[in-house]
Amino acid sequence: MSDALKKLETLRQGALKGGGEERIEAQHSKGKLTARERLDLLLDKGSFQETGMFVKHRSSDFGLDKNRIAGDGVVTGHGAISGRAVFVFAQDFTVLGGSLSESNAKKICNIMDHAMRVGAPIVGLNDCGGARRLLTGHY
């Protein structure tokens, strides 16, 4: 395997862990599933195609520049439910409480746009602590 593919696989494995094992265990201890676990239960086996896996927020306020996790607190993509195409998003509480950032919102809007183009439904699974402060100057 080339160095580039190894690096990509390392990044992918990190993104799949969301906020990390400790935060995943905290979810489980509360009787809650992670975003990926909820999507696995919802969608037909093997149908999920993720988009935006490596997206990170770009905020530097409140020390957030030291906490940039791939996926930025929401898992987005498309799959099937009983064979029917569907677009999905699931907020990931293990990453900054699943809070909504600019990048996070753009990922959700992106799948909404795709769903509208093809006439497919959208399912959103919310597990969120609210919105992060957005200081982009683009209001």
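As a reminder, the structure under discussion sits directly above these lines.
Everything quoted here is computed from the prediction, not taken from an experiment.

Rules used in this analysis
- Residues numbered from 1 in each chain as written.
- Predicted model: local features only at pLDDT ≥ 70, side-chain atom pairs only at ≥ 80, totals over all residues.
- Heavy atoms only, no water.
- Core = buried A, V, L, I, M, F, W, Y, C linked by side-chain atoms within 4.5 Å.
- Buried < 20%, exposed > 50% of the residue type's maximum accessible area, 1.4 Å probe, protein only.
- Helix = DSSP H or I, 4+ residues; strand = E, 2+ residues; numbered from the N terminus.
- Contact = heavy atoms within 4.5 Å.
- Phe/Tyr/Trp six-rings, centres within 6.5 Å; stacked < 30°, edge-to-face > 60°.
- Lys NZ or Arg CZ within 6 Å of the ring centre and 35° of its normal.
- Lys, Arg positive; Asp, Glu negative; His and termini not counted.
- Salt bridge = Lys/Arg side-chain N within 4 Å of Asp/Glu carboxyl O.
- Polar contact = N/O pair within 3.5 Å; in protein donor to acceptor, adjacent residues only side chain to side chain.
- Pairing = 2+ DSSP bridges.
- Axes fitted to C-alpha atoms, helices over the stretch in contact; angles between N-to-C directions.

1. Observations concerning the nonpolar core
Among the nonpolar cores identified, the biggest contains eight residues, and these are A35, L39, L43, V75, V86, V88, A90 and L125. Looking at this core, the elements that each hand over two or more residues are α3 (35-42) and β3 (84-91). Element by element, the count of residues in this core is highest for β3, at three residues. Apart from the residues lying within four places of it in its own chain, the contact partners of L43 are F48, G79, A80, I81, V86 and V88. V74, F89, I111 and A120 belong to the second largest nonpolar core, which has seven residues in total.

2. Quick word on the packing of aromatic side chains
In total, this model carries zero aromatic pairs according to the counting rule given. Lying over the aromatic face of F93, K32 brings its terminal NZ or CZ to 4.4 Å of the ring centre.

3. As for the side chain of K107
Here K107 lies in helix α4 (residues 102-118). Look at K107: it is buried, it has no salt bridge, and the nearest opposite charge is E50 at 5.1 Å. Of note is the side chain of K107, whose polar atom sits 2.6 Å from the backbone oxygen of V74.

4. What about the pattern of salt bridges?
Under the counting rule described, the total for this entry stands at two salt bridges. The partner of D127 in a salt bridge is K32, with the nearest N and O atoms 3.1 Å apart. Taken as a pair, D127 in the segment after β4 (122-125) and K32 in the loop between α2 (21-29) and α3 lie far apart in primary sequence, 95 residues in all. By relative accessible area, D127 is classed as buried at 13%. K32 sits in the partly exposed class, given a relative accessible area of 27%.

5. Focus on the sheet that holds strand β1 (residues 49-51)
The strand order β1-β2-β3-β4 describes an open sheet built from four strands, whose pairing is mixed. Looking at the sheet topology across the chains shown, the edges are occupied by β1 and β4. The mean angle between the axes of side-by-side strands here comes to 25 degrees, regardless of whether they run parallel or antiparallel. The pairing of β3 with β4 spans four bridges and is classified as parallel. By the bridge assignment for β4, V88 is matched with V123. Set on the sheet, α3 makes contact with β1, β2 (74-81), β3 and β4; between it and β3 the angle comes to about 160 degrees. The strands touched by α4 within the sheet are β1, β2, β3 and β4, with β3 carrying the most contacts at an inclination of about 170 degrees.

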